[in-house]
Amino acid sequence: MIEQNPDLYFFIDFEHLKAKANKTFPFHLYVFNPMSKVYATYLHANSPLTSQKLDFLQFIVSKGGEIAVSRTQEMTFLHANQLKREDIPDLNEIPEHEFITRQKERAAKREKKAETKKFHFKDELGKAVESDNYLPLILEIREEAMTFPFTISHTVSLASYLSEKLLTQDTYINRMVALSAHLAIGCGMKDPLALGDLICAAFLAHLGHTQMEIFYSQKAFLELSTGQRREYKKHPGLSQHLIRKSGLIISERCNKILYQHHERADGSGYPEYKQGQFIEPLALVLGAAAHVLEYSSGKITGSPVAMSVVLKNMKEKTLSPGLEIEFGDTIYESLIYLLDTNNDSANAA
Ligand SMILES: [Fe+2]
């Protein structure tokens, strides 16, 4: 039998067998080849270990091979050799990694905090808009991301790491990360896998700006010429290209989110003019959050507009130059509900 699953076996030392010629064992013996990573049956249970086989087993061990026993025969092995579990290093639990311990502690602490102090997004957003200070919203996402398990995916781990290191100040990009994550949570997309992909995408979506003339980051979109707008619309592709070239590994969905963050449900977006069902929902979430921030900061029209006015116009579907509302019904409705800080049912969010 040839197997490659290390979870099925445990290693033993040659001495544990007290091996001598023609001895039999009530368990199967396997040998592990570290080069091919393969476990192969060496001696069936109750078959004599001939002197030839004994010599060859010693030879295998001297060359770096390992003797293994099936985990299903652990008790048989221990009993036959009058050994205890503690005598076999490979049978003892691998200590939990410090990252995992730390993450569990953070999750427990956050859970406890939530019991006494519930976070109300709409309340906090109202305060943020009023004071132009989004730090509490940013720190809330930082704390949430720092509880993400490390074993889900590399993108989730990256999201957790970037959040811990970067979500400490009230910057534009951090507002984009935090607002999109809060919006996703409000839309019911709250599992770490989804949030991790979204958070990484929000951090990386505008990397492409670094490859464009500086005025594209300074001039309002509506003030650009037709040709310049065409150039600007290349930024999602440039972001994706930079990530690929850098060798950064991100999930397929994260890649899609950042590439599609300007696609709109009615096909009016870019770069591929995709429609509704063909757009990753989290890309619409990021697009909605980014658009609200861009519009209110003046990056679309050239004139900053109060967040409350942007939301009022979106809610009433008032036609305003550059204002977009085509994020799909679910996201649009959640956006209006969650971001409408004048709504009395604030605490329900
Ligand atoms: Fe963008």
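Everything below is about the structure shown above.
Read on for a plain summary of the structure. As the structure is a prediction and not an experimental result, all values here were calculated from the model.

### Some words on the layout of surface pockets
Space left empty within the atom packing is revealed by a probe, the size of a water molecule, rolled over the atoms. For the largest pocket, the calculated volume is near 720 Å³. Looking at the largest pocket, it is lined by 23 residues, and the ones nearest its centre are Arg 110, Lys 118, Phe 119, His 120 and Glu 140. Those elements that provide at least two residues to the lining of the largest pocket are helix 3 (98–116), helix 4 (121–131), helix 5 (135–145) and helix 7 (172–186). With 5 residues, helix 5 is the largest single contributor of residues to the lining of the largest pocket. Looking at the lining of the largest pocket, its residues break down into 9 nonpolar, 3 polar and 11 charged. Taken as a whole, the second largest pocket encloses approximately 450 Å³ of empty space. Lining the second largest pocket are 23 residues, with Phe 221, Tyr 232, His 262, Glu 294 and Ile 300 positioned closest to its centre. For the lining of the second largest pocket, the elements supplying multiple residues, two or more each, are helix 7, helix 9 (215–218) and helix 13 (281–297).

### Topic: the packing of helix 12 (residues 252–259) against helix 13
Any two packed helices are characterised by how steeply their axes cross, that is the angle between the axes, and by the distance between the axes. As a packed pair, helix 12 and helix 13 sit with axes 8 Å apart at the nearest point and diverge in direction by 40°. By the angle between their directions, the pair helix 12 and helix 13 is classed as oblique. The chirality of how helix 12 crosses helix 13 is right-handed. For the pair formed by helix 12 and helix 13, the contact residues are Arg 253, Lys 256 and Ile 257 on the first element and Leu 282, Ala 283 and Leu 286 on the second. Considered class by class, the residues forming the contact of helix 12 with helix 13 number 4 nonpolar, no polar and 2 charged.

### As for the coordination of the iron ion
At 2.0 to 2.2 Å from the iron ion lie its protein donor atoms, namely His 206 (NE2), His 235 (NE2), His 261 (NE2) and His 262 (NE2). Here the iron ion binds 4 donor atoms, and the angle range of 92 to 158° at the metal identifies the geometry as irregular. Its relative accessible area of 0% is what places His 235 among the buried residues.

Rules of the game
- Residues numbered from 1 in each chain as written.
- Predicted model: local features only at pLDDT ≥ 70, side-chain atom pairs only at ≥ 80, totals over all residues.
- Heavy atoms only, no water.
- 1 Å grid on protein atoms, 1.4 Å probe; cavity = no way out; pocket = protein on both sides within 12 Å on 5 of 7 lines; lining within 4 Å.
- Points joined across faces, edges and corners; volume = space filled by probe spheres on them.
- Helix = DSSP H or I, 4+ residues; strand = E, 2+ residues; numbered from the N terminus.
- Nonpolar A, V, L, I, M, F, W, Y, C, P; charged D, E, K, R; others polar.
- Axes fitted to C-alpha atoms, helices over the stretch in contact; angles between N-to-C directions.
- Parallel < 35°, antiparallel > 145°, perpendicular 65-115°, else oblique.
- Left-handed = near helix turned anticlockwise from the far one by under 90°.
- Contact = heavy atoms within 4.5 Å.
- Donors = N, O, S within 2.8 Å, 3.2 Å for Na, K, Ca; no water.
- Tetrahedral: all angles 85-135°; square planar, octahedral: opposite > 155°, others 65-115°.
- Buried < 20%, exposed > 50% of the residue type's maximum accessible area, 1.4 Å probe, protein only.

Everything listed here is a matter of coordinates, which is why it stays silent on function.
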